[in-house]
Amino acid sequence: MQPPLRSLDSSPQLPSHADVVVIGGGIIGVFAAYYMARRGLSVAVVEKGRIGAEQSSRNWGWCRQQNRDARELPMATRSLELWEQFAADSGEDTGFSRCGLMYLSNDEEEIARWAKWRDFARTAGVTTHMLSGREATERGRATGRAWKGGVFSPSDGTADPGKAAPAVAAALMRLGGSVHQNCAARGIELEGGRVSGVVTEAGTIKTRTAVYAGGAWASSFCRQLGIRFPQATVRQTIVRVPPMAQQLPDALHTARVSVTRRSDGSYNLAISGRGRVDPTAQLLRFAPQFLPMFAKRWRNVFPGGLEGIRGGHESLARWGLDAPTPMERARILNPRPDAAAVKQTYERAVELLPALGHAGIANAWAGFVDSTPDGVPGIGEVWEVPGFILAAGFSGHGFGIGPGAGHLIADLVTGAEPIFDPAPYNPARFKQSAWGKVADF
Ligand SMILES: Cc1cc2nc3c(=O)[nH]c(=O)nc-3n(C[C@H](O)[C@H](O)[C@H](O)COP(=O)(O)OP(=O)(O)OC[C@H]3O[C@@H](n4cnc5c(N)ncnc54)[C@H](O)[C@@H]3O)c2cc1C
(Lines give C-alpha, C1' and ligand atoms only; values in the text may rest on other atoms or scores of the structure.)
Protein backbone atom coordinates (compact mmCIF):
# COMPACT_ATOMS: atom_id res chain seq x y z
CA MET A 1 0.00 0.00 0.00
CA GLN A 2 1.29 3.49 -0.84
CA PRO A 3 0.88 6.37 1.64
CA PRO A 4 -1.19 9.45 0.70
CA LEU A 5 0.76 11.84 -1.56
CA ARG A 6 -0.17 15.00 -3.49
CA SER A 7 0.54 14.56 -7.19
CA LEU A 8 2.26 17.12 -9.35
CA ASP A 9 2.65 17.58 -13.11
CA SER A 10 6.19 17.51 -14.46
CA SER A 11 7.76 20.34 -16.46
CA PRO A 12 7.16 19.90 -20.20
CA GLN A 13 10.76 19.57 -21.40
CA LEU A 14 14.09 18.39 -20.09
CA PRO A 15 16.54 21.32 -20.36
CA SER A 16 19.77 20.82 -22.32
CA HIS A 17 21.71 22.81 -19.69
CA ALA A 18 21.28 23.85 -16.06
CA ASP A 19 23.49 25.55 -13.48
CA VAL A 20 22.67 22.66 -11.12
CA VAL A 21 20.98 19.29 -11.60
CA VAL A 22 19.46 17.78 -8.47
CA ILE A 23 19.09 14.00 -8.64
CA GLY A 24 16.28 12.79 -6.36
CA GLY A 25 13.00 14.55 -5.61
CA GLY A 26 12.62 13.71 -1.92
CA ILE A 27 12.42 16.41 0.72
CA ILE A 28 16.20 17.00 0.64
CA GLY A 29 16.45 17.37 -3.13
CA VAL A 30 13.45 19.69 -3.48
CA PHE A 31 14.48 21.99 -0.62
CA ALA A 32 18.05 22.19 -2.00
CA ALA A 33 16.67 23.05 -5.46
CA TYR A 34 14.23 25.62 -4.00
CA TYR A 35 16.95 27.51 -2.11
CA MET A 36 19.23 27.48 -5.15
CA ALA A 37 16.45 28.77 -7.44
CA ARG A 38 15.78 31.59 -4.96
CA ARG A 39 19.39 32.66 -5.53
CA GLY A 40 18.84 32.90 -9.27
CA LEU A 41 20.43 29.61 -10.37
CA SER A 42 18.78 27.54 -13.09
CA VAL A 43 17.93 24.21 -11.46
CA ALA A 44 16.49 20.95 -12.80
CA VAL A 45 15.29 18.17 -10.48
CA VAL A 46 15.22 14.66 -11.94
CA GLU A 47 13.23 12.05 -10.05
CA LYS A 48 12.98 8.43 -11.21
CA GLY A 49 9.43 8.04 -9.78
CA ARG A 50 7.18 10.67 -8.22
CA ILE A 51 8.17 13.66 -6.11
CA GLY A 52 8.27 12.57 -2.47
CA ALA A 53 7.16 8.99 -3.13
CA GLU A 54 9.94 7.20 -1.24
CA GLN A 55 10.96 7.99 2.38
CA SER A 56 9.68 11.56 2.26
CA SER A 57 6.01 10.50 2.15
CA ARG A 58 6.43 7.39 4.33
CA ASN A 59 7.56 8.96 7.60
CA TRP A 60 5.80 10.04 10.78
CA GLY A 61 6.15 13.77 10.01
CA TRP A 62 8.06 14.76 13.15
CA CYS A 63 10.18 17.91 12.94
CA ARG A 64 12.04 17.79 16.20
CA GLN A 65 14.91 19.16 18.18
CA GLN A 66 13.95 16.99 21.17
CA ASN A 67 16.62 14.34 21.94
CA ARG A 68 18.67 15.31 18.86
CA ASP A 69 22.35 14.51 18.73
CA ALA A 70 24.58 17.58 19.27
CA ARG A 71 25.84 17.26 15.67
CA GLU A 72 22.33 17.70 14.26
CA LEU A 73 20.75 20.09 16.74
CA PRO A 74 21.76 23.32 14.93
CA MET A 75 20.28 21.95 11.69
CA ALA A 76 17.08 20.95 13.51
CA THR A 77 16.65 24.36 15.13
CA ARG A 78 17.17 26.31 11.91
CA SER A 79 14.89 23.92 10.01
CA LEU A 80 11.92 24.70 12.26
CA GLU A 81 12.29 28.40 11.41
CA LEU A 82 12.66 27.55 7.71
CA TRP A 83 9.49 25.41 7.66
CA GLU A 84 7.55 28.48 8.82
CA GLN A 85 9.39 30.82 6.49
CA PHE A 86 8.79 28.55 3.50
CA ALA A 87 5.02 28.64 4.05
CA ALA A 88 5.06 32.43 4.44
CA ASP A 89 7.24 33.01 1.35
CA SER A 90 5.61 30.48 -0.99
CA GLY A 91 2.00 30.32 0.20
CA GLU A 92 2.26 26.53 -0.14
CA ASP A 93 0.79 24.16 2.46
CA THR A 94 3.21 21.62 3.94
CA GLY A 95 0.96 20.92 6.93
CA PHE A 96 3.69 22.25 9.23
CA SER A 97 2.76 23.49 12.69
CA ARG A 98 4.65 23.90 15.95
CA CYS A 99 2.19 21.66 17.77
CA GLY A 100 4.82 20.55 20.32
CA LEU A 101 5.90 16.96 20.90
CA MET A 102 4.98 15.02 24.03
CA TYR A 103 6.96 12.14 25.51
CA LEU A 104 5.53 10.07 28.39
CA SER A 105 7.19 7.37 30.46
CA ASN A 106 7.04 5.24 33.60
CA ASP A 107 10.73 4.34 33.33
CA GLU A 108 12.88 6.44 35.64
CA GLU A 109 16.06 5.79 33.65
CA GLU A 110 14.40 7.04 30.47
CA ILE A 111 13.08 10.14 32.25
CA ALA A 112 16.59 10.79 33.62
CA ARG A 113 18.01 10.57 30.06
CA TRP A 114 15.49 13.16 28.89
CA ALA A 115 16.44 15.44 31.79
CA LYS A 116 20.11 15.12 30.81
CA TRP A 117 19.26 16.09 27.24
CA ARG A 118 17.22 19.06 28.54
CA ASP A 119 20.33 20.28 30.42
CA PHE A 120 22.44 19.98 27.24
CA ALA A 121 19.73 21.63 25.12
CA ARG A 122 19.69 24.64 27.42
CA THR A 123 23.34 25.27 26.56
CA ALA A 124 22.24 25.44 22.89
CA GLY A 125 19.37 27.81 23.68
CA VAL A 126 16.66 25.16 23.13
CA THR A 127 13.77 25.07 25.59
CA THR A 128 12.09 21.83 26.54
CA HIS A 129 9.95 21.18 29.62
CA MET A 130 10.33 18.17 31.87
CA LEU A 131 6.90 17.07 33.13
CA SER A 132 6.37 15.89 36.71
CA GLY A 133 4.21 12.80 37.25
CA ARG A 134 1.18 15.03 37.87
CA GLU A 135 1.81 17.15 34.77
CA ALA A 136 2.50 14.12 32.56
CA THR A 137 -0.71 12.44 33.72
CA GLU A 138 -2.68 15.65 33.12
CA ARG A 139 -1.21 16.30 29.64
CA GLY A 140 -1.55 12.62 28.75
CA ARG A 141 -5.16 12.36 30.00
CA ALA A 142 -6.31 10.84 26.69
CA THR A 143 -4.41 7.71 27.74
CA GLY A 144 -6.54 7.42 30.90
CA ARG A 145 -3.60 6.35 33.05
CA ALA A 146 -0.96 7.73 35.41
CA TRP A 147 2.60 8.50 34.24
CA LYS A 148 5.79 8.99 36.26
CA GLY A 149 7.04 11.79 34.03
CA GLY A 150 7.55 13.12 30.56
CA VAL A 151 8.79 15.90 28.34
CA PHE A 152 6.99 18.53 26.27
CA SER A 153 8.97 20.36 23.60
CA PRO A 154 6.78 23.33 22.69
CA SER A 155 8.79 24.70 19.76
CA ASP A 156 8.93 21.38 17.88
CA GLY A 157 6.20 20.26 15.50
CA THR A 158 5.07 18.15 12.59
CA ALA A 159 4.55 18.59 8.86
CA ASP A 160 2.44 16.43 6.56
CA PRO A 161 4.55 13.91 4.60
CA GLY A 162 1.78 13.63 2.00
CA LYS A 163 2.01 17.34 1.22
CA ALA A 164 5.51 18.62 1.98
CA ALA A 165 7.84 17.53 -0.85
CA PRO A 166 5.28 18.25 -3.64
CA ALA A 167 4.58 21.68 -2.06
CA VAL A 168 8.27 22.58 -2.20
CA ALA A 169 8.57 21.28 -5.78
CA ALA A 170 5.55 23.39 -6.80
CA ALA A 171 7.17 26.48 -5.26
CA LEU A 172 10.42 25.65 -7.07
CA MET A 173 8.60 25.49 -10.41
CA ARG A 174 7.07 28.93 -9.81
CA LEU A 175 10.62 30.24 -9.32
CA GLY A 176 11.55 28.89 -12.77
CA GLY A 177 13.08 25.55 -11.73
CA SER A 178 12.07 22.45 -13.66
CA VAL A 179 10.92 19.10 -12.27
CA HIS A 180 11.09 15.84 -14.25
CA GLN A 181 9.36 12.76 -12.86
CA ASN A 182 9.74 9.21 -14.20
CA CYS A 183 13.20 10.38 -15.19
CA ALA A 184 16.07 8.42 -13.66
CA ALA A 185 19.59 9.80 -13.71
CA ARG A 186 21.72 6.92 -14.95
CA GLY A 187 25.01 8.53 -14.15
CA ILE A 188 27.39 11.47 -14.35
CA GLU A 189 29.55 12.61 -17.26
CA LEU A 190 32.99 13.90 -16.41
CA GLU A 191 35.42 16.18 -18.25
CA GLY A 192 38.92 16.42 -16.83
CA GLY A 193 37.64 14.63 -13.72
CA ARG A 194 34.92 17.25 -13.06
CA VAL A 195 31.16 16.91 -13.46
CA SER A 196 30.14 18.04 -16.95
CA GLY A 197 26.67 16.53 -17.29
CA VAL A 198 23.96 14.31 -15.85
CA VAL A 199 22.86 11.46 -18.10
CA THR A 200 19.18 10.65 -17.66
CA GLU A 201 16.94 8.12 -19.37
CA ALA A 202 15.41 11.07 -21.31
CA GLY A 203 18.69 12.69 -22.39
CA THR A 204 21.73 14.49 -21.00
CA ILE A 205 21.65 17.80 -19.11
CA LYS A 206 24.94 19.68 -19.32
CA THR A 207 25.96 21.08 -15.94
CA ARG A 208 29.04 21.62 -13.78
CA THR A 209 27.23 20.79 -10.53
CA ALA A 210 25.19 17.70 -9.63
CA VAL A 211 23.56 17.31 -6.21
CA TYR A 212 22.81 13.67 -5.44
CA ALA A 213 19.92 13.39 -2.95
CA GLY A 214 18.88 9.85 -3.76
CA GLY A 215 18.10 8.49 -0.28
CA ALA A 216 18.35 4.70 -0.12
CA TRP A 217 19.96 4.53 -3.59
CA ALA A 218 22.97 6.66 -2.71
CA SER A 219 25.54 3.96 -2.03
CA SER A 220 24.95 2.09 -5.31
CA PHE A 221 24.89 5.34 -7.35
CA CYS A 222 28.12 6.55 -5.71
CA ARG A 223 29.77 3.19 -6.43
CA GLN A 224 29.47 3.92 -10.18
CA LEU A 225 31.76 6.92 -9.61
CA GLY A 226 34.23 5.03 -7.41
CA ILE A 227 32.94 6.78 -4.26
CA ARG A 228 32.63 4.68 -1.10
CA PHE A 229 29.48 5.57 0.83
CA PRO A 230 28.62 3.03 3.56
CA GLN A 231 24.86 2.83 3.90
CA ALA A 232 22.41 0.33 5.39
CA THR A 233 18.66 0.42 4.98
CA VAL A 234 16.18 -0.54 7.70
CA ARG A 235 12.61 -1.36 6.68
CA GLN A 236 10.12 0.33 8.99
CA THR A 237 6.35 0.00 9.05
CA ILE A 238 3.64 2.62 9.64
CA VAL A 239 -0.06 2.08 10.31
CA ARG A 240 -2.62 4.79 9.58
CA VAL A 241 -6.09 5.10 11.12
CA PRO A 242 -8.80 7.24 9.46
CA PRO A 243 -9.76 10.75 10.66
CA MET A 244 -11.46 10.64 14.05
CA ALA A 245 -13.89 12.88 15.90
CA GLN A 246 -12.08 12.56 19.25
CA GLN A 247 -9.23 14.97 19.90
CA LEU A 248 -6.09 12.94 20.61
CA PRO A 249 -2.59 14.39 21.22
CA ASP A 250 -1.00 15.79 18.03
CA ALA A 251 2.31 14.00 18.57
CA LEU A 252 2.85 11.54 21.40
CA HIS A 253 5.80 9.22 21.95
CA THR A 254 6.08 6.35 24.41
CA ALA A 255 8.60 3.51 24.33
CA ARG A 256 5.89 1.07 23.17
CA VAL A 257 4.19 3.12 20.46
CA SER A 258 4.02 6.64 18.99
CA VAL A 259 1.02 8.47 17.55
CA THR A 260 1.00 11.45 15.18
CA ARG A 261 -1.94 13.45 13.83
CA ARG A 262 -1.83 14.13 10.07
CA SER A 263 -3.27 17.33 8.67
CA ASP A 264 -6.47 15.56 7.49
CA GLY A 265 -7.17 14.37 11.05
CA SER A 266 -6.03 10.78 10.47
CA TYR A 267 -3.25 9.34 12.67
CA ASN A 268 0.07 7.63 11.95
CA LEU A 269 0.96 4.87 14.42
CA ALA A 270 4.46 3.40 14.71
CA ILE A 271 6.90 1.73 17.07
CA SER A 272 9.97 3.91 17.37
CA GLY A 273 13.13 2.32 15.99
CA ARG A 274 11.46 -1.00 15.18
CA GLY A 275 12.47 -2.33 11.80
CA ARG A 276 13.77 -5.20 9.74
CA VAL A 277 17.14 -5.42 8.08
CA ASP A 278 16.90 -7.30 4.79
CA PRO A 279 20.11 -9.19 4.00
CA THR A 280 21.78 -7.91 0.82
CA ALA A 281 25.32 -8.13 -0.55
CA GLN A 282 25.77 -4.42 0.23
CA LEU A 283 24.76 -5.00 3.85
CA LEU A 284 27.39 -7.74 4.18
CA ARG A 285 30.01 -5.50 2.58
CA PHE A 286 29.48 -2.69 5.07
CA ALA A 287 28.48 -4.87 8.07
CA PRO A 288 31.68 -4.29 10.10
CA GLN A 289 31.06 -0.54 10.02
CA PHE A 290 27.49 -0.92 11.21
CA LEU A 291 28.26 -3.15 14.22
CA PRO A 292 28.12 -0.26 16.74
CA MET A 293 24.81 0.92 15.23
CA PHE A 294 23.19 -2.51 15.36
CA ALA A 295 24.65 -3.18 18.83
CA LYS A 296 22.93 -0.03 20.05
CA ARG A 297 19.58 -0.81 18.41
CA TRP A 298 19.41 -4.60 18.41
CA ARG A 299 16.36 -4.75 20.69
CA ASN A 300 14.13 -3.28 17.99
CA VAL A 301 15.83 -4.41 14.79
CA PHE A 302 14.98 -7.86 13.39
CA PRO A 303 16.25 -9.92 10.46
CA GLY A 304 14.22 -9.27 7.32
CA GLY A 305 13.56 -11.08 4.07
CA LEU A 306 13.82 -10.58 0.34
CA GLU A 307 12.39 -7.04 0.15
CA GLY A 308 15.87 -5.49 0.06
CA ILE A 309 17.01 -7.62 -2.87
CA ARG A 310 13.66 -7.11 -4.62
CA GLY A 311 14.04 -3.31 -4.33
CA GLY A 312 17.38 -3.34 -6.13
CA HIS A 313 18.58 -0.20 -4.31
CA GLU A 314 21.51 -2.05 -2.72
CA SER A 315 22.78 -3.47 -5.98
CA LEU A 316 26.54 -4.01 -6.20
CA ALA A 317 26.29 -4.06 -10.02
CA ARG A 318 28.04 -1.61 -12.33
CA TRP A 319 25.75 -0.29 -15.04
CA GLY A 320 26.22 1.53 -18.32
CA LEU A 321 24.64 4.86 -19.21
CA ASP A 322 23.04 3.65 -22.44
CA ALA A 323 20.63 1.02 -21.06
CA PRO A 324 17.97 0.86 -18.31
CA THR A 325 19.43 0.72 -14.80
CA PRO A 326 18.05 -0.80 -11.56
CA MET A 327 16.49 2.62 -10.85
CA GLU A 328 14.23 2.38 -13.86
CA ARG A 329 13.08 -1.06 -12.75
CA ALA A 330 12.04 0.23 -9.31
CA ARG A 331 10.42 3.62 -9.92
CA ILE A 332 9.17 3.75 -6.34
CA LEU A 333 10.55 1.66 -3.49
CA ASN A 334 7.34 0.37 -1.93
CA PRO A 335 8.40 -2.52 0.33
CA ARG A 336 5.84 -4.72 2.03
CA PRO A 337 4.89 -3.65 5.53
CA ASP A 338 5.81 -6.12 8.24
CA ALA A 339 2.53 -7.93 9.11
CA ALA A 340 3.62 -8.66 12.69
CA ALA A 341 4.53 -4.99 13.18
CA VAL A 342 1.16 -3.84 11.80
CA LYS A 343 -0.71 -6.00 14.33
CA GLN A 344 1.50 -5.12 17.27
CA THR A 345 1.53 -1.40 16.47
CA TYR A 346 -2.25 -1.17 16.32
CA GLU A 347 -2.72 -3.26 19.50
CA ARG A 348 -0.24 -1.12 21.41
CA ALA A 349 -1.82 2.10 20.13
CA VAL A 350 -5.29 1.01 21.24
CA GLU A 351 -3.88 0.01 24.63
CA LEU A 352 -2.35 3.51 24.92
CA LEU A 353 -5.29 5.47 23.48
CA PRO A 354 -8.45 3.34 23.73
CA ALA A 355 -10.36 5.76 21.45
CA LEU A 356 -8.30 4.38 18.54
CA GLY A 357 -10.05 1.04 19.01
CA HIS A 358 -13.17 2.40 17.24
CA ALA A 359 -11.20 3.63 14.25
CA GLY A 360 -9.81 0.46 12.65
CA ILE A 361 -6.81 0.45 10.33
CA ALA A 362 -7.11 2.55 7.14
CA ASN A 363 -3.85 1.37 5.57
CA ALA A 364 -0.24 0.47 6.31
CA TRP A 365 3.00 0.89 4.41
CA ALA A 366 6.75 0.53 4.84
CA GLY A 367 9.80 2.58 3.93
CA PHE A 368 13.55 2.01 3.87
CA VAL A 369 15.35 4.29 6.33
CA ASP A 370 18.79 5.02 4.84
CA SER A 371 21.38 5.03 7.57
CA THR A 372 25.07 5.86 7.85
CA PRO A 373 27.29 4.09 10.41
CA ASP A 374 27.18 7.06 12.81
CA GLY A 375 23.54 8.00 12.15
CA VAL A 376 24.51 11.44 10.81
CA PRO A 377 24.00 12.36 7.12
CA GLY A 378 26.72 12.93 4.55
CA ILE A 379 26.39 16.41 3.02
CA GLY A 380 29.08 18.06 0.94
CA GLU A 381 31.18 17.98 -2.19
CA VAL A 382 33.00 14.69 -2.70
CA TRP A 383 36.61 15.59 -3.28
CA GLU A 384 37.27 12.70 -5.74
CA VAL A 385 34.65 14.15 -8.15
CA PRO A 386 34.63 17.95 -8.15
CA GLY A 387 31.14 19.29 -8.77
CA PHE A 388 29.43 16.23 -7.22
CA ILE A 389 27.60 17.10 -3.99
CA LEU A 390 26.34 14.21 -1.91
CA ALA A 391 23.33 14.69 0.39
CA ALA A 392 22.16 11.34 1.74
CA GLY A 393 22.19 9.02 4.73
CA PHE A 394 19.65 11.00 6.75
CA SER A 395 19.28 8.02 9.10
CA GLY A 396 15.60 8.44 9.96
CA HIS A 397 15.79 12.19 10.68
CA GLY A 398 15.80 13.79 7.24
CA PHE A 399 12.20 14.95 6.95
CA GLY A 400 12.24 17.45 9.81
CA ILE A 401 15.72 18.73 8.96
CA GLY A 402 15.02 18.86 5.21
CA PRO A 403 14.80 22.67 5.00
CA GLY A 404 18.07 23.20 6.89
CA ALA A 405 19.87 20.55 4.85
CA GLY A 406 18.54 22.07 1.61
CA HIS A 407 19.65 25.56 2.69
CA LEU A 408 23.11 24.24 3.59
CA ILE A 409 23.46 22.56 0.19
CA ALA A 410 22.52 25.84 -1.53
CA ASP A 411 25.14 27.63 0.62
CA LEU A 412 27.83 25.11 -0.35
CA VAL A 413 26.97 25.32 -4.06
CA THR A 414 26.90 29.14 -4.16
CA GLY A 415 29.86 29.68 -1.80
CA ALA A 416 27.66 31.62 0.68
CA GLU A 417 28.32 31.67 4.43
CA PRO A 418 26.92 28.29 5.62
CA ILE A 419 23.73 28.57 7.66
CA PHE A 420 25.42 26.35 10.28
CA ASP A 421 28.75 24.52 10.55
CA PRO A 422 28.90 21.88 7.78
CA ALA A 423 31.89 20.03 9.33
CA PRO A 424 29.96 17.22 11.12
CA TYR A 425 28.39 16.16 7.80
CA ASN A 426 31.56 16.03 5.69
CA PRO A 427 31.32 12.89 3.49
CA ALA A 428 35.13 12.50 3.66
CA ARG A 429 34.66 10.81 7.04
CA PHE A 430 33.28 7.72 5.27
CA LYS A 431 36.63 7.03 3.61
CA GLN A 432 37.96 5.70 6.89
CA SER A 433 36.28 2.76 8.52
CA ALA A 434 36.73 4.24 12.01
CA TRP A 435 33.59 3.92 14.13
CA GLY A 436 32.10 7.24 15.13
CA LYS A 437 29.68 7.92 17.98
CA VAL A 438 26.27 6.56 16.94
CA ALA A 439 23.45 9.11 17.12
CA ASP A 440 20.19 8.15 18.80
CA PHE A 441 17.05 7.79 16.70
C1 LIG B 1 8.93 4.86 8.49
C2 LIG B 1 9.77 6.11 8.53
C3 LIG B 1 9.55 7.06 9.53
C4 LIG B 1 10.31 8.24 9.55
N5 LIG B 1 9.97 9.23 10.44
C6 LIG B 1 10.62 10.43 10.38
C7 LIG B 1 10.20 11.53 11.17
O8 LIG B 1 9.20 11.47 11.89
N9 LIG B 1 10.93 12.67 11.12
C10 LIG B 1 12.02 12.80 10.30
O11 LIG B 1 12.65 13.86 10.33
N12 LIG B 1 12.40 11.80 9.48
C13 LIG B 1 11.73 10.62 9.49
N14 LIG B 1 12.08 9.60 8.65
C15 LIG B 1 13.23 9.80 7.76
C16 LIG B 1 12.89 10.68 6.58
O17 LIG B 1 11.70 10.26 5.95
C18 LIG B 1 14.06 10.65 5.59
O19 LIG B 1 15.28 10.88 6.26
C20 LIG B 1 13.91 11.70 4.51
O21 LIG B 1 12.63 11.63 3.91
C22 LIG B 1 14.99 11.50 3.48
O23 LIG B 1 14.74 12.36 2.39
P24 LIG B 1 15.58 12.16 1.06
O25 LIG B 1 15.14 13.24 0.14
O26 LIG B 1 17.03 12.05 1.42
O27 LIG B 1 15.19 10.71 0.53
P28 LIG B 1 13.89 10.15 -0.21
O29 LIG B 1 12.65 10.78 0.29
O30 LIG B 1 13.97 8.68 -0.11
O31 LIG B 1 14.07 10.64 -1.69
C32 LIG B 1 15.10 10.18 -2.53
C33 LIG B 1 14.54 10.22 -3.94
O34 LIG B 1 15.60 10.03 -4.86
C35 LIG B 1 15.08 9.33 -5.96
N36 LIG B 1 16.25 8.79 -6.69
C37 LIG B 1 17.23 7.99 -6.22
N38 LIG B 1 18.15 7.76 -7.16
C39 LIG B 1 17.74 8.43 -8.27
C40 LIG B 1 18.27 8.58 -9.56
N41 LIG B 1 19.43 8.00 -9.92
N42 LIG B 1 17.59 9.33 -10.46
C43 LIG B 1 16.43 9.93 -10.11
N44 LIG B 1 15.88 9.82 -8.88
C45 LIG B 1 16.53 9.08 -7.98
C46 LIG B 1 14.15 8.32 -5.35
O47 LIG B 1 13.18 7.84 -6.27
C48 LIG B 1 13.54 9.11 -4.21
O49 LIG B 1 12.29 9.68 -4.56
C50 LIG B 1 11.35 8.42 8.60
C51 LIG B 1 11.57 7.45 7.61
C52 LIG B 1 10.77 6.32 7.53
C53 LIG B 1 10.99 5.34 6.42
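Residues numbered from 1 in each chain as written. Predicted model: local features only at pLDDT ≥ 70, side-chain atom pairs only at ≥ 80, totals over all residues. Heavy atoms only, no water.

Caption draft 1: Representation of unusual backbone geometry in the model. We note that Asn-67 has phi near 65°; this positive angle belongs to a residue other than glycine. Summarising the element assignment, Asn-67 is placed in the loop between strand 3 (62–63) and helix 3 (73–90). Here Ser-395, not a glycine, exhibits a phi torsion of approximately 55°, which is positive. With respect to the helices and strands, the residue Ser-395 is situated in the loop between strand 21 (388–392) and helix 12 (402–414). (Helix = DSSP H or I, 4+ residues; strand = E, 2+ residues; numbered from the N terminus.)

Caption draft 2: Examining the pattern of salt bridges more closely. Per the counting criterion, the structure on display carries 28 salt bridges. Its salt-bridge partner being Glu-92, residue Arg-174 comes within 2.9 Å of it at the nearest N-O pair. In this pair, Arg-174 is assigned in helix 6 (residues 164–174) and Glu-92 in the loop between helix 3 and strand 4 (101–105), connecting sequence segments 82 residues apart. Given the relative accessible area of 53%, Arg-174 is considered exposed. (Salt bridge = Lys/Arg side-chain N within 4 Å of Asp/Glu carboxyl O. Buried < 20%, exposed > 50% of the residue type's maximum accessible area, 1.4 Å probe, protein only.)

Caption draft 3: Structural view of the sheet that holds strand 8 (residues 178–180). Taking strand neighbours across the sheet as the criterion, the six strands line up as 8-2-1-12-21-20 in an open arrangement whose pairing is mixed. In this open sheet, the two edge strands, each paired with only one partner strand, are strand 8 and strand 20 (378–381). Each strand axis lies, on average, 15° off the axis of its neighbour in the sheet, ignoring direction. Pairing geometry for strand 2 (residues 43–46) and strand 8, over three bridges, is parallel. The residue bridging Val-45 from the neighbouring strand is Val-179, located in strand 8. (Pairing = 2+ DSSP bridges. Axes fitted to C-alpha atoms, helices over the stretch in contact; angles between N-to-C directions.)

Caption draft 4: Expanded view of the site of the ligand. Close to the ligand lie 37 residues, the nearest being Glu-47, Ser-56, His-397, Gly-398 and Gly-400. Contacts to the ligand include Asn-59, whose side-chain N or O atom sits 3.2 Å from an oxygen atom. In this structure, a nitrogen atom belonging to the ligand sits 3.3 Å away from a main-chain N or O atom of Trp-60. Here the ligand has 1,000 Å² of accessible area as a free molecule, and 98% of this is covered by the chains. For the shell around the ligand, the elements supplying multiple residues, two or more each, are helix 1 (27–38), helix 2 (55–58), strand 13 (232–241) and strand 19 (363–371). In terms of residues, the shell around the ligand owes the most to one element, helix 2, which gives three residues. Residues of the shell around the ligand, tallied by class, amount to 18 nonpolar, 15 polar and four charged. (Near = heavy atom within 4 Å. Polar contact = N/O pair within 3.5 Å; in protein donor to acceptor, adjacent residues only side chain to side chain. Areas by Shrake-Rupley, 256 points an atom, 1.4 Å probe, with all protein chains shown as cover. Nonpolar A, V, L, I, M, F, W, Y, C, P; charged D, E, K, R; others polar.)

Caption draft 5: Representation of the packing of aromatic side chains in the model. A complete count under the given rule lists 17 aromatic pairs for this structure. Each residue in the set Phe-31, Tyr-34, Tyr-35, Trp-83, Phe-86, Phe-96 and Phe-399 is aromatic and connected to the rest through ring pairs, giving one cluster. Directly above the aromatic system of Phe-152 lies the positively charged group of Arg-139, at a separation of 4.0 Å from the ring centroid. (Phe/Tyr/Trp six-rings, centres within 6.5 Å; stacked < 30°, edge-to-face > 60°. Lys NZ or Arg CZ within 6 Å of the ring centre and 35° of its normal.)

Caption draft 6: Main features of helix 8 (residues 281–297). Relative to the 24 Å expected for 17 residues at 1.5 Å per residue, helix 8 spans just 21 Å between its end C-alpha atoms, considerably shorter than the ideal helical length. Along helix 8, the helix axis deviates most sharply at Pro-288, where the bend reaches about 75°. For helix 8, the complete set of buried residues consists of Gln-282, Leu-283, Phe-286, Gln-289, Phe-290, Pro-292, Met-293 and Arg-297. On its buried face, helix 8 sits against helix 7 (218–224), strand 13, strand 17 (275–277), strand 18 (301–303) and strand 19. (Expected span 1.5 Å × (residues − 1). Bend = angle between axes of the 7 residues up to and from the residue. Contact = heavy atoms within 4.5 Å.)

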